[in-house]
Amino acid sequence: MATLVLDKVSRWFGNVVAVNDVTMTIGPGVTGLLGPNGAGKSTLIHMMGGFLAPSSGTVTLDGETVWRNEGIYRRIGLVPEREAMYDVVTGWEFVLANARLHRLDEPEAAARRALETVEMTDAQGRDISTYSKGMKQRVKMATALVHDPPVLLLDEPFNGMDPRQRLQLMRMLQAMGDEGRTVLFSSHILEEVEQIAGSIEVMVAGRHAASGGFREIRRLMIERPHQYTIRSDNDRALAAAIIAEPSASGVQLVAAHATEGTMAQGVASTGRRDGSSALHVQAADFAGFVRVLPQLASRHNIRLYEVTPADESLESVFSYLVAR
Amino acid sequence: MNATVARLTARSLLGRRRALLLLALPAVLLVLAVASRVLGGQDDGLTVGLLGGFAVATLVPLLGLIAGTGAIGPEIDDGSIVYLLAKPLSRFSIATTKVAVAVAVVMAFAAVPTLLAGFILSGTSDRLAVAYGVGALIAGTGYAALFLLLAVLTRHAVVVGLLYALIWESLVGSFVPGAQALSVQQWALAITKSLLGDRAAPLNVTSAVGLGAAIPLLLVLVVGSTWYAGWRLRTLRLTSDE
């Protein structure tokens, strides 16, 4: 059983703050580190793995400082994001070399076990340079597991994997978590994280935005105000009908060619079917609004041409969590 | 020292086409030596010119640069050094091992060919072959340690190393005599010169520093560079794609 504790950790590079005052505790089981690209996930994992000093704050594993502490690697297995390995050697030689670097008593047995765990025994005799992305990922995994560490850190392990490999790795991580290991992996895809992570830590723009089980995180994301862009054959009438609904909190009539967010009432005439106007709707109750919109349209005899969620990028979903 | 680190370093240093590159320069030296001997017979002046002017002045620094930076630079660039660093290993032992591998490569591809070229050109006359062979080995050790440190410190180690070998040692050294006091090549020549003994002066083998300065300076360079490389490895920042 091992626990990683980050206490008020910040890291900046020159003027850029990559990680901003993050406090979190990662215990046994699978934890997902979720956030859009550039949110500071890699920086955080580098600090947890002892490859980067926090500019302020501390990272400890069971009370022991991680930074500049080579002994910590007896208890940490690291799967880096980058693919490069010593690829002039075979998978077997490389995993064996990792076992020897750990000064294990029986390096051959440890290497065999690790390669069996990742199901790479068939291809272990081939040069790493001939491996597919998924195979490389599994060999990386084997090098991290060879010394049977209680803590496993994985930086974007699912990147570039096909669905079958993804599923296999998910099962593997889940099994390690069930064994009582502390497994932390980063990802920018909520679906990936919620399938296997018992707890989720959300990072946005260097800040720790949310923390909890996937149900909580999903609820936070769904219950935020949603934005829609709607086109119909009578935008003005539809706007009037929508604002009368309690599930909507704001409606804006915009010219289709106007810059986004610019008020343009009166510029665009209503009722035209050439798509020159549109509605921006803010729904306070996402589920209620989605249910009521078709009923509204039908009641007022308005034809809907287009209903688009305006703002569904992961970035904006997460930004909302920070802005709360 | 760590045998596994040494094996991995040697495999990536000698793997693929790099080994061919390492072979090209010593091959040129040996071809030149054979051609001179066949065409011109034994001429110790020519031996000094070829071994001092080409082997020690060009072959050794270039091989030192390739081996020294190649022993660690590519791993830092592509991030694979993480597999060495994420281990309970002393960073100093990683640095020492890598310097040792680089020195072994310089010995095999520069010092031994220099010795062979000396024998081809002058036989055992005046101990020229041994004096230059030892000089090449010592210079190569200094270059390997220095350039390995450079590769830990900067991504532009090859360029900086070339600037040092070409601009500082050759160009600046020939205009500013003081600069030669800080030249690995001159320190190694001091040792070659002392091995030649009385024959150094008639053969016009000179060095800018005496033996008393050269040996301590070389020791400080090799031990200091290796130690500092290890120290910097403790805090090496790994870049990621993010």
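Each remark here, short or long, concerns the structure printed above.
Residues numbered from 1 in each chain as written. Chains lettered and ligands numbered in written order. Predicted model: local features only at pLDDT ≥ 70, side-chain atom pairs only at ≥ 80, totals over all residues. Heavy atoms only, no water.

## Describing the overall build of chain B
Working step 1: Each helix and strand in chain B was counted, giving ten helices and zero strands.
Working step 2: Secondary structure elements in chain B, listed N-terminal to C-terminal, are α-α-α-α-α-α-α-α-α-α.
Working step 3: In terms of C-alpha radius of gyration, chain B reaches 18 Å, essentially the compact-globule figure of 18 Å for 242 residues.
Working step 4: If you line up chain B on its principal axes, its C-alpha atoms span 60 × 35 × 30 Å.
Working step 5: Classification of the 242 residues of chain B by burial places 51% in the buried group. (Helix = DSSP H or I, 4+ residues; strand = E, 2+ residues; numbered from the N terminus. Rg over C-alpha atoms; globule rule 2.2 N^0.38 Å. Buried < 20%, exposed > 50% of the residue type's maximum accessible area, 1.4 Å probe, protein only.)

## Quick notes on the pairing of strand S4 (residues 56–61) of chain A
Residues and elements named next belong to chain A.
Working step 1: Note: strand S1 (residues 4–13) against S4, five bridges, orientation antiparallel. For Leu-4, the partnering residue across the bridge sits in S4 and is Leu-61.
Working step 2: In the sheet, S4 pairs with strand S5 (residues 64–65) via two bridges, with the strands oriented antiparallel. Each bridged residue has a counterpart across the sheet, and for Thr-60 the counterpart in S5 is Thr-65.
Working step 3: Between S4 and the antiparallel strand that follows it, S5, lie two residues; Asp-62 among them carries a positive phi value of about 45°. (Pairing = 2+ DSSP bridges.)

## Comments concerning unusual backbone geometry
All names here are of chain A.
Working step 1: Phi is positive for Asp-62, close to 45°, though the residue is something other than glycine.
Working step 2: Along the polypeptide, Asp-62 turns up in the loop between S4 and S5.
Working step 3: On the accessibility criterion, Asp-62 (41% relative accessible area) is partly exposed.
Working step 4: Positioned with a positive phi, Glu-156 is a non-glycine residue whose angle comes to about 45°.
Working step 5: Structurally, the position occupied by Glu-156 is in the loop between strand S7 (151–154) and helix H5 (163–178).

## Section: the sheet that holds strand S12 (residues 248–255) of chain A
All names here are of chain A.
Working step 1: Strand order in this open sheet of four strands is S12-S13-S11-S14, and the pairing throughout is antiparallel. Edge positions in the open sheet fall to S12 and strand S14 (304–309), since each of these has one partner strand only. Between one strand axis and the next, the sheet turns by 20° as a mean value, whatever way the strands run.
Working step 2: Examined bridge by bridge, S12 and strand S13 (residues 277–283) share seven bridges and lie antiparallel to one another. Along S13, the bridge assignment pairs Gly-250 with Gln-282.
Working step 3: Contacting strand S11 (226–232), S12, S13 and S14, helix H8 (residues 235–243) crosses the sheet at an angle of about 165° to S12. (Axes fitted to C-alpha atoms, helices over the stretch in contact; angles between N-to-C directions. Contact = heavy atoms within 4.5 Å.)

## What about the packing of aromatic side chains?
Working step 1: Under the counting rule described, the total for this entry stands at ten aromatic pairs over all chains.
Working step 2: Centre to centre, the rings of Phe158(A) and Phe185(A) are 5.6 Å apart; their planes meet at 80°, and the pair counts as edge-to-face. Of this pair, Phe158(A) sits in the loop between S7 and H5 while Phe185(A) sits in strand S8 (residues 182–187), and the two are 27 residues apart along the sequence. Judged on exposure class, the residue Phe158(A) and its partner Phe185(A) are both buried.
Working step 3: With a centroid separation of 6.1 Å and 15° between ring planes, the pair formed by Phe92(B) and Trp227(B) is classed as stacked. Here Phe92(B), found in helix H6 (residues 91–122), pairs with Trp227(B), found in helix H10 (residues 211–234); they are 135 residues apart in sequence, far enough to count as distant.
Working step 4: Exposure remark for Trp227(B): the relative accessible area of 48% places this residue in the partly exposed category.
Working step 5: An aromatic cluster of three or more residues is present, and its members are Phe92(B), Trp227(B), Tyr228(B) and Trp231(B). (Phe/Tyr/Trp six-rings, centres within 6.5 Å; stacked < 30°, edge-to-face > 60°.)

## Here we look at a nonpolar patch on the surface
Working step 1: A surface patch of nonpolar side chains, about 820 Å² in accessible area, is lined by Val158(B), Val159(B), Leu162(B), Leu163(B), Leu166(B), Ile167(B), Leu171(B), Phe175(B) and Val176(B).
Working step 2: Relative to the assigned elements, Val176(B) resides in the loop between helix H8 (157–175) and helix H9 (184–196). (Patch = residues over 30% accessible without salt bridge, like charges linked within 9 Å, V, L, I, M, F, W, Y side chains within 5 Å. Areas by Shrake-Rupley, 256 points an atom, 1.4 Å probe, with all protein chains shown as cover. Salt bridge = Lys/Arg side-chain N within 4 Å of Asp/Glu carboxyl O.)

## Digging into helix H9 (residues 286–299) of chain A
Residues and elements named next belong to chain A.
Working step 1: For H9, with 14 residues, the first-to-last C-alpha span of 20 Å sits near the 20 Å given by 1.5 Å per residue.
Working step 2: Its maximal kink placed at Val-292, H9 deviates by approximately 30°, while the proline Pro-294 follows within four residues.
Working step 3: Here H9 has its buried residues at Gly-288, Phe-289, Val-292, Leu-293, Leu-296 and Ala-297.
Working step 4: Contacts made by the buried residues of H9 are with S11, H8, S12, S13 and S14.
Working step 5: N-cap assignment for H9: the residue whose side-chain oxygen lies 3.3 Å from the backbone N of Ala-287 is Asp-285.
Working step 6: Where H9 terminates, the next one or two residues include Asn-301, which has phi positive at roughly 60°. (Expected span 1.5 Å × (residues − 1). Bend = angle between axes of the 7 residues up to and from the residue. Polar contact = N/O pair within 3.5 Å; in protein donor to acceptor, adjacent residues only side chain to side chain.)

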